[in-house]
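# Examining the three-dimensional arrangement
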Amino acid sequence: AAWLEEVMPTVLEEIRDAGQILTRDLTSRLDGLDERIEIYSKAGKLQGTIGLTSRAILQLSFESRVVRARPAGTWVSGQYRWADMAEWLGEPIEEMSVEAASALLVRRWLRAFGPATETDLKWWTGWNLGQVRQALADVEAAEVALRTGMGYLLADDVEPVADPEPWISLLPSLDPTPMGWKERDWYLGEHGDTLFDRNGNAGPTIWANGRVVGGWAQRKDGSIVHEVFDDIGSESADAISKRAAE
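Structure report, in brief. Here the structure is a predicted model, which is why all the values come from computation and not from measurement.

### As for the pairing of strand β8 (residues 168-171)
Judged by which residues are buried, β8 turns out to be covered on both faces: I168 and L170 on one side and S169 and L171 on the other are all buried. Note: β8 against strand β9 (residues 205-208), 4 bridges, orientation antiparallel. Within β9, the residue paired with L170 across the bridge is I206.

Given below as structure tokens:
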């Protein structure tokens with residue numbers, strides 16, 4: 001902890017001077033940061049090693065002082081440049097209390113994903129049930145009846161919504177839409193195990209009129225291949241093929 005407190009200002013200054021910089025380039029600029037340290041679990045089991053530069057950047061990102069910026073190569077590159085958070089956003093992040101931040105987060109989440117359940121919000125935030133209920137109370141969320149039990153909406157968002165025109169969408173891996181809820185049967189049907197990994201990460205999904213009906217992928221030559229799991233009718237199937245081609 002003492003070492004981190006000493007080195008983080010220097011690392012942050014180098015990132016600011018560079019504008020954006022890769023971890024490896026940052027390491028080459030600063031003496032003593034090319035070493036690696038061992039990481040252990042609470043049970044004492046060796047988990048692996050991490051570079052000192054990466055450890056300092058990790059802590060800076062936890063404190064919202066740096067942000068991962070542009071990738072080193074193409075959009076599939078696993079190496080990213082780092083930038084000063086305030087410079088990247090154009091202004092510093094506003095400081096607020098935990099309670100105010102929690103309420104703001106829940107308000108935005110309900111606006112995007114409501115109606116939804118306590119279970120959904122607890123999974124999405126990682127909070128305990130007490131924190132979830134306190135935040136819902138702080139935003140004065142309205143209780144609504146769902147097929148699976150009690151759900152919540154913002155109080156100004158309880159009016160019925162008109163059915164949209166038929167629509168098709170191909171969403172990429174880790175898109176926030178399919179990952180907005182823990183209880184997913186109402187839009188995934190029986191396809192959860194096919195489209196999600198064991199950690200709850202979504203693969204590429206095909207949506208038709210508000211539910212997931214298939215998956216897709218991009219081949220190395222850039223072409224799109226897709227598969228529809230349900231009988232959705234020829235009109236929707238043709239629309240999916242057209243969207244994939246686009």
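Having put the structure on the table, let's press on.
### Re the environment of A100
Tracing the backbone through its elements, the reader meets A100 in helix α5 (residues 98-113). Note: C-alpha distance between A100 and A135 (35 residues apart in sequence) is 8.8 Å.

### Some thoughts on a nonpolar patch on the surface
Among the surface-exposed residues, W88, L89 and I93 lie close enough to one another that they form a single nonpolar patch of about 300 Å² accessible area. One can find L89 in helix α4 (residues 85-89).

### Focus on the packing of aromatic side chains
One pass over the full model with this rule turns up 8 aromatic pairs. Each ring, one from W186 and one from Y187, has its centre 4.8 Å from the other, and the planes form 70 degrees; the classification is edge-to-face. According to the relative accessible area criterion, Y187 is buried, its value standing at 1%. Seen in terms of ring centroids, Y187 and W207 are 5.5 Å apart; in terms of plane orientation they differ by 15 degrees. Their pairing is stacked. Of the two residues, Y187 is situated in helix α8 (residues 185-188) and W207 in strand β9; the sequence distance between them amounts to 20 residues. Among the aromatic residues, ring-to-ring pairing joins W109, F113, W124, W181, W186, Y187 and W207 into one connected group. The ring centre of Y80 lies 4.0 Å from the NZ or CZ of R68, which sits over that ring. In this structure, R184 packs its charged tip against the face of W123, placed 4.8 Å from the ring centre.

Reading guide: rules and limits
- Residues numbered from 1 in each chain as written.
- Predicted model: local features only at pLDDT ≥ 70, side-chain atom pairs only at ≥ 80, totals over all residues.
- Heavy atoms only, no water.
- Buried < 20%, exposed > 50% of the residue type's maximum accessible area, 1.4 Å probe, protein only.
- Helix = DSSP H or I, 4+ residues; strand = E, 2+ residues; numbered from the N terminus.
- Pairing = 2+ DSSP bridges.
- Patch = residues over 30% accessible without salt bridge, like charges linked within 9 Å, V, L, I, M, F, W, Y side chains within 5 Å.
- Areas by Shrake-Rupley, 256 points an atom, 1.4 Å probe, with all protein chains shown as cover.
- Salt bridge = Lys/Arg side-chain N within 4 Å of Asp/Glu carboxyl O.
- Phe/Tyr/Trp six-rings, centres within 6.5 Å; stacked < 30°, edge-to-face > 60°.
- Lys NZ or Arg CZ within 6 Å of the ring centre and 35° of its normal.

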